[in-house]
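# Residue-level structure breakdown
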Amino acid sequence: MSQESIINLVSEHTFGIWFLIGAALVFWMQAGFAMVEAGFTRAKNSGNILMKNLMDFCIGTVVFILIGFSLLLGEDIIGLIGKPGFDIFTAYANFDFSNFVFNLVFCATTATIVSGAMAERTKFLSYCIYSGVISALIYPIEAHWIWGGGWLAQRGFHDFAGSCAIHMVGGISALIGAAILGPRIGKFTKDKTGKITKVNAFPGHNLPLGCLGCFILWFGWYGFNGAAATTIPQLGSIFLTTTIAPAVATVMCMIFTWIKYGKPDVSMCLNASLAGLVAITAPCDVTDAFGAIAIGAVAGLLVVFGVWLLDYKLHVDDPVGAVAVHMMNGIWGTIAVGLFATSSAPESEINGLFYGGGFHQLGLQLLGVISVAAFAAVCITITFVIIRATVGLRVTEEEEITGLDATEHGLASAYSGFSIMDVSNTMTMEVNENTNLGTGEYESASQVQKEAAVRVISALPRESTGMYKVVIIAKLSRYDKLRKAMNELGVTGMTVTQVMGCGIQRGAGEKYRGVEMDATLLPKVKLEIIVGNIPVEKVIEAARKTLYTGHIGDGKIFIYDVAKVVKIRTGEEDLPALLDVE
């Protein structure tokens with residue numbers, strides 16, 4: 001065997017091993033997506049998010065075995081789909097093992113993108129269904145057009161690692177899904193006419209976790225972009241552009257948010273890093289350093305614009321910025337091939353508009369964007385509409401307020417052992433149909449209905465001091481109204497505690513690792529008030545009226561006699577000591 005043959009053999013084996021290492025890096029990106037999504041959302045949904053990101057890959061694997069892989073890389077049928085088959089079972093000895101694993105991990109990424117935009121209010125069952133549809137049909141078909149020898153590949157469309165095939169498709173699916181699903185409770189404030197007057201912020205509960213996810217994704221992206229490289233120079237160039245673009249995007253975002261908002265925005269800069277990575281994915285092998293800088297700079301600004309556009313113009317609630325990162329920068333990265341491609345890059349034979357190639361490649365890129373976007377939009381819309389009409393797409397308002405960890409998975413908290421409560425933006429819950437008593441109007445409700453909704457439990461002695469401790473247990477969603485009602489009565493002093501509890505709604509104990517737990521505890525708020533000069537009957541009536549929604553479990557009120565009150569600062573006792581808190 002000649003020296004040249006030995007070198008070629010070693011090179012072939014080396015890149016074959018790198019190909020699988022790259023696939024493993026892309027699989028590791030699932031952890032990054034899970035961390036980003038969990039960190040950018042609220043603690044009460046963390047377990048649900050982890051479960052979704054796990055099932056993305058597991059469900060995707062099952063359907064990819066059954067049909068996805070053959071639709072993607074099967075024998076081409078008129079440039080549209082691969083021929084369905086079961087070679088993985090019938091011809092395993094000659095099966096393309098490496099290609100299967102490599103394309104599987106990419107497939108799972110597409111479905112994961114949708115998870116973030118629809119987080120915190122989607123039914124888990126519905127999520128599993130549409131995740132399976134994306135992995136079985138939508139992604140394999142359009143990816144066949146690009147990578148499986150389909151009609152776009154035949155025309156010279158270029159998407160090296162998936163700005164279009166993966167990120168744009170996932171982002172479009174995320175946008176349509178979030179729009180059909182509707183915003184999280186409290187995200188937008190409306191006036192009496194229904195017009196949105198304010199956009200409310202929902203801070204992520206754990207930005208360090210989100211940052212860790214961002215670095216995991218960046219690390220995995222070297223495999224995402226570089227695994228299909230065939231020469232050392234090409235691999236080196238891909239690593240270079242995959243480093244420059246996100247770095248420049250993050251710097252641009254930092255400068256822009258610093259100027260616009262007065263301070264550099266942490267979460268937006270994390271999004272910008274990912275935006276730069278998404279944008280460079282399609283042209284990573286055909287662009288040079290200057291092109292990577294330009295692509296990254298636009299991506300850093302585009303992600304900020306995308307978040308603003310969804311919040312303030314489209315009024316679509318995207319908790320993690322998935323649409324701005326993946327859809328908008330997936331489109332931009334795909335188009336950028338037609339602008340910044342250069343034959344000076346290793347193994348590149350393409351020149352874009354800015355490198356003397358004219359409009360030919362740009363036209364092909366635009367054709368690919370439009371056709372793939374249209375296909376994905378139609379398919380995912382049909383999927384979401386069918387799911388909404390059958391099993392339902394969104395959880396109830398009560399479940400959303402409580403958190404999907406408890407209601408969907410029987411998980412009291414993803415942070416057992418830590419005191420973490422989600423109370424932000426929970427004051428706007430509307431009437432829920434569960435345990436309905438027939439009327440939501442306090443004035444028209446009978447005494448029996450009032451008692452059933454808000455029970456009053458009194459433990460007063462025959463000879464009372466005239467001072468009472470009123471303890472009110474209520475839903476978190478009623479706290480703001482309850483506080484205002486007490487203030488209007490003249491009560492300005494109260495002790496508020498966040499508690500966990502269950503009543504008639506406890507149901508059967510949930511199970512953790514097959515072991516039954518006592519009950520599912522729900523987040524509540526406990527108000528403690530001491531009154532004397534204000535009649536306790538007025539406090540009870542005001543609390544009842546405020547808490548009543550016409551449902552069992554609206555709240556409970558406990559009345560206790562207070563033997564003595566001492567004000568430490570002045571030494572006053574009993575009723576005089578209460579004057580400045582009533």
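Just so we're clear, the structure is a prediction, and the values are computed from it rather than from any experiment. (Residues numbered from 1 in each chain as written. Predicted model: local features only at pLDDT ≥ 70, side-chain atom pairs only at ≥ 80, totals over all residues. Heavy atoms only, no water.)

### A closer look at the overall build of the protein chain
Scanning the protein chain from N- to C-terminus turns up 18 helices and eleven strands. Within the protein chain, the fraction of its 582 residues that count as buried is 52%. Sequence-distant contacts in the protein chain: of pairs separated by 6 or more residues, those separated by 24 or more amount to 78%. Split by element, the accessible area of the protein chain, about 25,500 Å² in all, is 64% carbon and sulfur. (Helix = DSSP H or I, 4+ residues; strand = E, 2+ residues; numbered from the N terminus. Buried < 20%, exposed > 50% of the residue type's maximum accessible area, 1.4 Å probe, protein only. Contact = heavy atoms within 4.5 Å. Areas by Shrake-Rupley, 256 points an atom, 1.4 Å probe, with all protein chains shown as cover.)

### Quick notes on the packing of helix α4 (residues 97–117) against helix α5 (residues 124–147)
The N-to-C vectors of α4 and α5 enclose an angle of 135 degrees; their axes lie 9 Å apart at closest approach. As judged from the angle between their axes, α4 and α5 are oblique. The element α4 and its partner α5 pack so that their crossing is right-handed. Contacts from Asn-103, Phe-106, Cys-107, Thr-110, Ala-111, Thr-112, Val-114 and Ser-115 of α4 reach α5 at Tyr-127, Tyr-130, Ser-131, Ile-134, Ser-135 and Tyr-139. (Axes fitted to C-alpha atoms, helices over the stretch in contact; angles between N-to-C directions. Parallel < 35°, antiparallel > 145°, perpendicular 65-115°, else oblique. Left-handed = near helix turned anticlockwise from the far one by under 90°.)

### Structural notes on the packing of helix α8 (residues 207–226) against helix α9 (residues 232–261)
Any two packed helices are characterised by the angle at which their axes cross and by the distance between the axes. Relative orientation of the contacting elements α8 and α9 amounts to 135 degrees, with a least axis distance of 10 Å. If you check the angle between α8 and α9, you find them oblique. In the packing of α8 onto α9, the handedness of the crossing is right-handed. On the side of α8, the interface is formed by Trp-218, Trp-221, Tyr-222, Asn-225 and Gly-226, while α9 contributes Leu-235, Ile-238, Phe-239, Thr-242, Thr-243, Pro-246 and Ala-247.

### As for the confidence of the model for the protein chain
In the predicted model, the protein chain carries a mean pLDDT of 87, and the fraction of residues at 70 or more is 87%. Ignoring residues within four places in sequence, the model shows residues 423–435, a span with pLDDT below 50, making 37 contacts including any to other chains. Residue range residues 505–520 is modelled with pLDDT below 50. Its contacts to residues more than four positions away, or to other chains, number 21 contacts. (pLDDT = per-residue confidence, 0-100.)

### Considerations on the pattern of salt bridges
The full count for this structure, using the stated rule, is twelve salt bridges. For Lys-469, the salt bridge goes to Glu-528, with nearest N and O atoms at 3.1 Å. Highlighted residues: Lys-469 in strand β6 (residues 468–475) and Glu-528 in strand β10 (residues 522–531), separated in sequence by 59 residues. Assessed through its relative accessible area of 29%, Lys-469 is described here as partly exposed. Here Lys-484 ties to Asp-480 by a salt bridge, and the two come within 3.4 Å at their closest N and O atoms. One end of the pair is Lys-484 and the other is Asp-480, both in helix α17 (residues 479–489) and four residues apart, which spans about a single turn. Put simply, Arg-42, Glu-120, Arg-184 and Asp-317 are held in one network by salt bridges that share partners. (Salt bridge = Lys/Arg side-chain N within 4 Å of Asp/Glu carboxyl O.)

### Quick word on the packing of aromatic side chains
Under the criterion given, the structure shown has 23 aromatic pairs. For the pair Phe-106 and Phe-224, a centre-to-centre distance of 4.5 Å together with 35 degrees between the ring planes defines the contact as tilted. Of the two residues, Phe-106 is situated in helix α4 and Phe-224 in helix α8; the sequence distance between them amounts to 118 residues. Here a set of aromatic residues connected by ring pairs shows up, and it is made of Phe-19, Phe-102, Phe-106, Trp-147, Trp-221 and Phe-224. (Phe/Tyr/Trp six-rings, centres within 6.5 Å; stacked < 30°, edge-to-face > 60°.)

### What about the side chain of Glu-37?
Structurally, Glu-37 is set in helix α1 (residues 3–40). Discounting chain neighbours no more than four positions away, the residues touching Glu-37 are Ile-49, Lys-52, Asn-53, Ser-115, Gly-116, Ala-119 and Val-320.

### Remarks on the side chain of Asp-405
Along the chain, Asp-405 falls in helix α15 (residues 404–409). Despite its burial, Asp-405 remains without a salt bridge, the nearest opposite charge being carried by Lys-52 at 9.4 Å. Not counting the four nearest positions on each side in its chain, Asp-405 is found in contact with Ala-43, Lys-44, Asn-45, Ser-46, Gly-47, Asn-48, Gly-410, Leu-411 and Ala-414. (Lys, Arg positive; Asp, Glu negative; His and termini not counted.)

### Some thoughts on the environment of Phe-19
Tracing the chain through its elements places Phe-19 in helix α1. Among the residues examined, Phe-19 registers a relative accessible area of 17% and is labelled buried. Between the C-alpha atom of Phe-19 and that of Phe-224, which follows or precedes it by 205 residues, the distance is 10.0 Å.

### What to know about the pairing of strand β4 (residues 196–199)
Relative to β4, strand β3 (residues 188–190) runs antiparallel, the two being bridged by three bridges. Residue Thr-189 lies in a different strand from β4, and its bridge partner there is Lys-198. Counting the residues in the hairpin turn of β3 and β4 gives five residues, including Gly-194, whose phi is positive at 90 degrees. (Pairing = 2+ DSSP bridges.)

### Observations concerning α17
Among all positions of α17, only Tyr-479, Leu-482, Ala-485 and Met-486 are buried. Along the long axis of α17, the arc covered by the buried residues comes to 125 degrees, so they all point the same way. Positive phi shows up at Gly-490, right after α17, with a value of about 110 degrees. (Arc of directions from axis to C-beta.)

### Here's the deal with the environment of Glu-37
Among the residues examined, Glu-37 registers a relative accessible area of 3% and is labelled buried. For the pair formed by Glu-37 and Asn-53, sequence separation is 16 residues and the distance between their alpha carbons is 9.2 Å. A distance of 3.2 Å separates polar atoms of two side chains, one belonging to Glu-37 and the other to Asn-53. (Polar contact = N/O pair within 3.5 Å; in protein donor to acceptor, adjacent residues only side chain to side chain.)

### Digging into unusual backbone geometry
Although it is not a glycine, Glu-120 adopts a positive phi angle of roughly 80 degrees. With respect to the secondary-structure elements, Glu-120 resides in the loop between α4 and α5. When its relative accessible area of 0% is taken as the criterion, Glu-120 is described as buried. Of note, Glu-347 is a non-glycine position whose phi angle comes to about 70 degrees, a positive value. Looking at the secondary structure, you find Glu-347 in the loop between α12 (322–340) and α13 (360–389).

### A word on the environment of Phe-95
One can find Phe-95 in the loop between α3 (87–90) and α4. The exposure class assigned to Phe-95 is buried, which follows from its relative accessible area of 11%. For Phe-95, the residues in contact, after removing those within four places along its chain, are Phe-69, Asp-87, Ile-88 and Phe-100.

### Re a nonpolar patch on the surface
Taken together, the side chains of Val-251, Met-254, Ile-255, Trp-258 and Ile-259 present a nonpolar region at the surface, about 490 Å² in accessible area. Relative to the helices and strands, Trp-258 is located in helix α9. (Patch = residues over 30% accessible without salt bridge, like charges linked within 9 Å, V, L, I, M, F, W, Y side chains within 5 Å.)

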